[in-house]
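# A look at the structure
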Amino acid sequence: MSHKAVPAPAPGAGGWTSAEVEVLGRAVLRAPSVHNTQPWAVEPKDRAVLLRERTDVALPQHDPGRRDLAMSCGTALANLELAVRVLGRRADVTILPDPARPDVVARVDAATRCAPSEEDLARFAAIAVRRSHRGRFGGLPVARRQVDRVVRAAVTTGAEAVPLTDAGELAKLFDHAARAIRDDGAYQRELALWTIRDEAGHRHGAGLGRTVVPPGELPWAGLVRRATEIPEPRVLRSRLAAETFLLFLTADDSRADHVRAGYALERGWLEAVTLGLSAAVLTQPLHVPEVRSALCEDRGLAGFPQALMRLGRPAGDAPASLRRGVGEVLAGAGRSEP
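Predicted model only: the values in this text are computed from it and were never measured. (Residues numbered from 1 in each chain as written. Predicted model: local features only at pLDDT ≥ 70, side-chain atom pairs only at ≥ 80, totals over all residues. Heavy atoms only, no water.)

### Topic: the nonpolar core
For clarity, the threshold we go by: What we call a nonpolar core is a set of buried Ala, Val, Leu, Ile, Met, Phe, Trp, Tyr and Cys residues that are connected through their side-chain atoms within 4.5 Å. Only protein chains enter the accessibility calculation, which uses a 1.4 Å probe; a residue whose area is less than 20% of its type maximum is buried, one above 50% is exposed, and one in between is partly exposed. Strands here are runs of E lasting at least two residues and helices are runs of H or I lasting at least four, both read from the DSSP assignment and numbered beginning at the N terminus. By definition, residues are in contact when any of their heavy atoms lie within 4.5 Å.
Counting residues in each nonpolar core, the largest one holds 55 residues, and the members touching the most others are Val28, Leu51, Val84, Leu246, Phe248, Met309 and Leu311. Per-element tally for this core: the top contributor is helix H2 (residues 67-86), with 10 residues. Those residues in contact with Val28, other than ones at most four positions away along the chain, are Trp40, Val42, Leu51, Ala76, Asn79, Leu80 and Val329. Grouped together as the second largest cluster of nonpolar side chains are 32 residues, Ile181, Leu208, Leu249 and Ala294 included.

### Comments concerning the packing of aromatic side chains
Spelled out, the test is: Two aromatic rings from Phe, Tyr or Trp, using only the six-membered ring of Trp, form a pair when their centres are within 6.5 Å; if the ring planes differ by under 30 degrees the pair is stacked, by over 60 it is edge-to-face, and anything between is tilted.
Enumeration according to the criterion identifies 1 aromatic pair in this entry. The interplanar angle of 85° and the centroid separation of 5.7 Å between the aromatic rings of Phe174 and Phe245 together place this pair among those described as edge-to-face. Remark: Phe245 occurs in strand E8 (residues 244-250) and Phe174 occurs in helix H5 (residues 167-182); sequence separation between them is 71 residues. Neither Phe174 nor Phe245 differs from the other in exposure class; each is buried.

### Some remarks on the pairing of strand E4 (residues 104-109)
Put simply, the rule is: Note on pairing: DSSP must find at least two bridges between two strands before they are called paired.
The pairing of strand E2 (residues 48-53) with E4 spans 5 bridges and is antiparallel. Paired with Leu51 across the two strands is Ala106, which belongs to E4. Inspection of the sheet shows strand E3 (residues 92-95) paired to E4 by 4 bridges, in the antiparallel sense. Among the inter-strand pairings, Val93 is bridged to a residue of E4, identified as Val108.

### So, the packing of H2 against helix H8 (residues 255-274)
Note the cut-off: For helices, the fitted axis covers only the stretch in contact; all axes are lines through C-alpha atoms, and the angles between them, taken along N-to-C directions, range from 0 to 180 degrees. Roughly parallel covers angles under 35 degrees, roughly antiparallel covers those over 145, roughly perpendicular covers 65 to 115, and oblique covers all other angles. In this scheme the handedness of a crossing depends on how the near helix is turned from the far one: anticlockwise by less than a right angle means left-handed, clockwise means right-handed. Polar here means any residue outside two lists: the nonpolar Ala, Val, Leu, Ile, Met, Phe, Trp, Tyr, Cys and Pro, and the charged Asp, Glu, Lys and Arg; Gly therefore counts as polar.
At a closest axis distance of 6 Å, the pairing of H2 and H8 adopts a crossing angle of 50°. Judged by the angle between their axes, H2 and H8 are oblique. Considering the relative orientation of H2 and H8, their crossing is right-handed. Along the contact surface, H2 presents Arg67, Ala70, Met71, Gly74, Thr75, Leu77, Ala78, Asn79, Glu81 and Leu82, while H8 presents Arg255, His258, Val259, Ala261, Gly262, Tyr263, Leu265, Glu266, Arg267 and Leu270. Each residue belonging to the contact of H2 with H8 can be placed in one class, and the counts come to 10 nonpolar, 5 polar and 5 charged.

### Side note on the pattern of salt bridges
A side chain with one charge can pair with a side chain of the opposite charge if their charged atoms come near. This is how the line gets drawn: Here, a salt bridge means any side-chain nitrogen of Lys or Arg that lies within 4 Å of a carboxyl oxygen of Asp or Glu.
For the structure shown, the criterion picks out 25 salt bridges. Here Asp92 makes a salt bridge to Arg90, at a shortest N to O gap of 3.3 Å. A relative accessible area of 34% means that Asp92 is categorised as partly exposed. The class of Arg90 is partly exposed, set by a relative accessible area of 38%. Within this structure, Glu43, Lys45, Arg52, Arg101 and Asp103 form a network of salt bridges that share partners.

### Brief notes about the side chain of His258
Note the following rule: The term polar contact refers here to a pair of N or O atoms within 3.5 Å; inside protein, the definition further demands a hydrogen-donor-capable atom paired with an acceptor-capable atom, and it admits residues adjacent in sequence only when both atoms are side-chain atoms.
Among the secondary structure elements, His258 is positioned in helix H8. There is a polar contact of 2.9 Å between the side chain of His258 and the side chain of Asp253. Contact partners of His258, with chain neighbours within four places excluded, come to Arg67, Ala70, Met71, Asp253 and Gln306.

### Here we look at the packing of H5 against helix H7 (residues 233-241)
In the contact formed by H5 and H7, the axes pass within 8 Å of each other and the chain directions differ by 120°. Comparing the axis directions of H5 and H7 gives the class oblique. The two elements H5 and H7 meet at a crossing, and its hand is right-handed. Facing Ala167, Gly168, Leu170, Ala171, Phe174 and Asp175 of H5, the residues of H7 in contact are Pro233, Leu236, Arg237, Leu240 and Ala241. Taken together, the residues of the contact of H5 with H7 sort by class into 8 nonpolar, 1 polar and 2 charged.

### Description of the sheet that holds strand E10 (residues 304-312)
Taken in spatial order, the 4 strands of this open sheet run E5-E8-E10-E9, and their pairing is antiparallel. In this open sheet, the two edge strands, each paired with only one partner strand, are strand E5 (159-164) and strand E9 (278-282). Going from strand to strand, the sheet's axes swing by 30° on average, the running direction of each strand aside. With 7 bridges joining them, E8 and E10 adopt antiparallel strand pairing. The residue bridging Leu249 from the neighbouring strand is Pro305, located in E10. Relative to E10, H8 is tilted by about 10°, and along the sheet it contacts E5, E8, E9 and E10.

So this is what it looks like as structure tokens:
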């Protein structure tokens, strides 16, 4: 189904209803984020909506340059854009629209009525069921045509996804990164602070539950902790050879590029869900400088690595991460302007 634009509504008729605001907020809430920090807020405007980065969320050990936080906001932007389209409006996105307000990650103008496409509807439905699958994948390998569809969905201005097929090289890089991260005391203390031990007592919130990121071996541990077991190189190589990996690249390495990387990542992830696939994103290894540089330099790839995605067929249901309450995402945002 193609997009069909109609004349913009009369002045004053383009504000958001309370129900529409809740749809926008809940779509953003379901986006993936680094350590499940959910570093965003939604600010509805008259015939537009702003996505803001929360300034009270920081990971100085894991993410000193706030690259992963910007990517997290990019994933939220992909969901927000879909929500705007499903609500019957054309979504015109501007990244970092106001230099005077650096917390405003993006503005989505929505003044024009426009019917959503079937693709929009399918990907929007995938938002509610997308999970990080941090365990072993099961079933048959991912078909090449499915990988191609995920890659095409992820292509945006300034960002792309590239399949990685050298399991031996990946095993070396993962092994090196895991050992460096596992032995970093300050990093491990920060990770512990964002780990929720009493999940039953948390109905809403942010952070990583122990059931969501269980202890284990690479590559299925998700995050490297002090207790993470690192297999022998040949064992790790064989495990990685059985999986599908995508590397997300950007043309440059600015904050806007980091947002675009997250946007591309979520678009690809939602397409994977529509194909019956599961995924998990890894950024930990890319915070080891020599690993990040080797991923491109050794392959002659042009661009800056931002994230790795494991792609496969689900082996059982993955648990859902905690989420903030929708009111917190909309807190201080108000409703449509007069």
